[in-house]
Amino acid sequence: MSSSSNRDTLIATAVAAAAAGAAVAYTAIKVNEKKNADAKAAQKKADDPSEGRGQRSSVIMNNLTADSRADSGILFPHNHEEKMRRRIAARVSVEEENMTPRNSVTVRVPATSANVGPGYDCIGMAVDLWSEITVSRADKFEITAEGEGAEEMPKDETNLMVVGLKAAFQAANKPVPTLKYHAISRIPYARGLGSSSAAIVAGIIAGLVLAGHRLPCWGSEALLQIAAGIEGHPDNVAPAIYGGIQLGIHTGTRWMTERAPHPSGMQAVLFIPDFVGKTSDARGVLNATITREEAAFNISRVAFLVHSLCTGNLDNLKYGVEDKMHQPQRGGKLYNYLYPMIEAAQNAGASCAYLSGAGPTVMALTSGASGDIFTQREKERTDTGVAKAMLKVADAHGIKGQLLVTQPVHEGARVIKVDPHFSTDLITFRDNI
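First things first, this report covers the structure right here in the doc. In this text, all values refer to a predicted model and were calculated from it rather than measured experimentally.

Procedures and definitions
Residues numbered from 1 in each chain as written. Predicted model: local features only at pLDDT ≥ 70, side-chain atom pairs only at ≥ 80, totals over all residues. Heavy atoms only, no water. Salt bridge = Lys/Arg side-chain N within 4 Å of Asp/Glu carboxyl O. Helix = DSSP H or I, 4+ residues; strand = E, 2+ residues; numbered from the N terminus. Buried < 20%, exposed > 50% of the residue type's maximum accessible area, 1.4 Å probe, protein only. Pairing = 2+ DSSP bridges. Axes fitted to C-alpha atoms, helices over the stretch in contact; angles between N-to-C directions. Polar contact = N/O pair within 3.5 Å; in protein donor to acceptor, adjacent residues only side chain to side chain. Contact = heavy atoms within 4.5 Å. Expected span 1.5 Å × (residues − 1).

1. Let's talk about the pattern of salt bridges
For step 1, the next point in the chain: For the coordinates displayed, the defined rule picks out nine salt bridges.
For step 2, the next point in the chain: With a shortest N-O distance of 2.8 Å, aspartate 431 and arginine 414 are connected by a salt bridge. Residue aspartate 431 is located in the segment after strand 13 (414-419), and its partner arginine 414 is located in strand 13; the two are separated by 17 residues in the primary sequence.
For step 3, the next point in the chain: What makes arginine 414 buried here is its relative accessible area of 17%.
For step 4, the next point in the chain: A single salt-bridge network, built from bridges that share partners, covers Glu411, Arg414, Arg430 and Asp431.

Written as structure tokens, this is what we have:
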């Protein structure tokens with residue numbers, strides 16, 4: 001009797017457990033179906049700007065890539081692109097009132113110093129030396145210029161600011177109107193300070209504003225793709241766009257760039273020769289191949305350079321800018337003053353010195369500046385002593401030129417004037433543009 005009772009109890013328990021399991025499974029299925037339905041509804045709203053609110057035209061920028069680790073739901077500190085994607089998905093939009101084509105625009109763009117020693121075609125720094133271009137709708141095509149290189153500058157559609165502007169209108173899928181261009185150039189022409197990249201970047205930005213077109217940045221850096229596509233590498237165009245010191249790579253599908261810090265108080269001392277340095281000539285003297293030793297040397301120096309910048313260890317910069325890929329060849333065949341000037345600058349107190357871009361400019365980086373340098377005692381800085389040492393070497397080699405003291409700059413190209421304005425009665429943008 002007891003055995004029969006126990007068997008009945010076990011059977012009842014098994015039946016109850018099975019029923020409970022079925023109920024849990026059914027509930028889980030329903031919850032999952034609801035989640036899927038909610039996700040589809042959210043996607044439909046994201047795809048349809050008018051869904052769930054009054055009819056209003058807007059542009060939603062979509063991030064094309066995201067870190068796979070961010071897809072798990074966990075956001076790491078570096079997942080800024082995924083954060084932007086989620087923010088956009090949460091209904092952040094760009095209103096069409098700011099997409100209106102403009103009649104004229106003025107763009108300010110910085111000089112840049114490429115390579116910074118071993119970072120051939122991949123590292124560049126924005127310098128506090130600016131050019132401006134103004135582009136306006138007109139009845140006939142015209143290019144006028146003043147300042148550095150105004151006479152040498154092409155006055156036809158081969159001018160790189162025109163090339164950049166045409167690329168912007170192509171990206172907007174709009175015809176290029178008849179325009180007139182005026183350049184105020186303060187960046188020395190063909191001296192290794194990014195005058196070509198400045199023209200490209202300024203042209204693209206001017207074209208986008210005139211066309212009333214915006215490009216996605218997070219996850220695609222579309223403006224960088226256009227500029228680097230024209231230039232062929234990112235070392236000048238990236239700092240011209242974003243400012244600061246930029247590290248650029250190509251992933252196999254697109255160009256990418258990230259900012260490296262530079263220590264406060266850093267100044268740039270530039271010796272700018274009077275003669276033009278053609279990039280084609282400077283590339284022509286380079287070896288077609290490099291040895292394993294040379295590759296290892298440059299890899300180690302790039303690592304030291306970036307580490308020195310990130311840690312603020314300026315004493316190591318002189319090792320970080322050493323190079324075997326392009327400076328020895330260019331110094332030996334084109335610029336015989338290069339290595340004597342580098343040595344003199346560093347002996348006079350510079351943290352480092354290197355050939356700027358393809359040359360002929362030599363740039364030295366110094367430290368010790370604080371606030372406005374003209375209110376600071378000179379002996380706290382090294383720029384004056386370094387400048388004199390560089391000029392002495394130039395004189396010894398019979399090289400005429402100018403000496404410029406400036407600084408790295410965090411800011412890249414930007415619009416400084418536009419008609420009609422972006423500012424409204426409610427919102428005033430910087431410089432009231």
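2. Brief notes about the sheet that holds strand 12 (residues 401-406)
Picture the strands of a sheet paired through backbone hydrogen bonds; they go either parallel or antiparallel.
For step 1, the next point in the chain: Read across the open sheet, the four strands follow the order 10-11-9-12; overall the sheet is antiparallel. Looking at strand neighbours, the two that pair on one side only are strand 10 (352-355) and strand 12, the edges of this open sheet. This sheet shows a mean twist of 15 degrees between the axes of neighbouring strands, independent of strand direction.
For step 2, the next point in the chain: For strand 9 (residues 267-273) and strand 11 (residues 362-366), the ladder comprises five bridges, and the chain directions are antiparallel.

3. Some details on the side chain of threonine 406
For step 1, the next point in the chain: As for its position among the elements, threonine 406 is in strand 12.
For step 2, the next point in the chain: Reaching out from threonine 406, the side chain makes a polar contact with the backbone oxygen of aspartate 128 at a distance of 2.9 Å.
For step 3, the next point in the chain: Here threonine 406 is in contact with Val127, Asp128, Gln267, Ala268 and Leu270, once residues within four sequence places are set aside.

4. A look at helix 3 (residues 160-171)
For step 1, the next point in the chain: In this model helix 3 runs 16 Å from its N-terminal to its C-terminal C-alpha over 12 residues, within 8% of the 16 Å that 1.5 Å per residue would give.
For step 2, the next point in the chain: Within helix 3 the residues assigned to the buried category are Met161, Val162, Gly164, Leu165, Ala167, Ala168 and Phe169.
For step 3, the next point in the chain: Here the buried face of helix 3 lies against strand 4 (123-137), strand 5 (142-147), strand 6 (179-185), helix 4 (195-211) and helix 5 (222-231).
For step 4, the next point in the chain: The residue sitting at the N-terminus of helix 3 and contributing the capping side-chain oxygen is asparagine 159; that oxygen lies 3.0 Å from the backbone nitrogen of methionine 161.
For step 5, the next point in the chain: Remark: asparagine 173 follows helix 3 within two positions and exhibits a positive phi of approximately 60 degrees.

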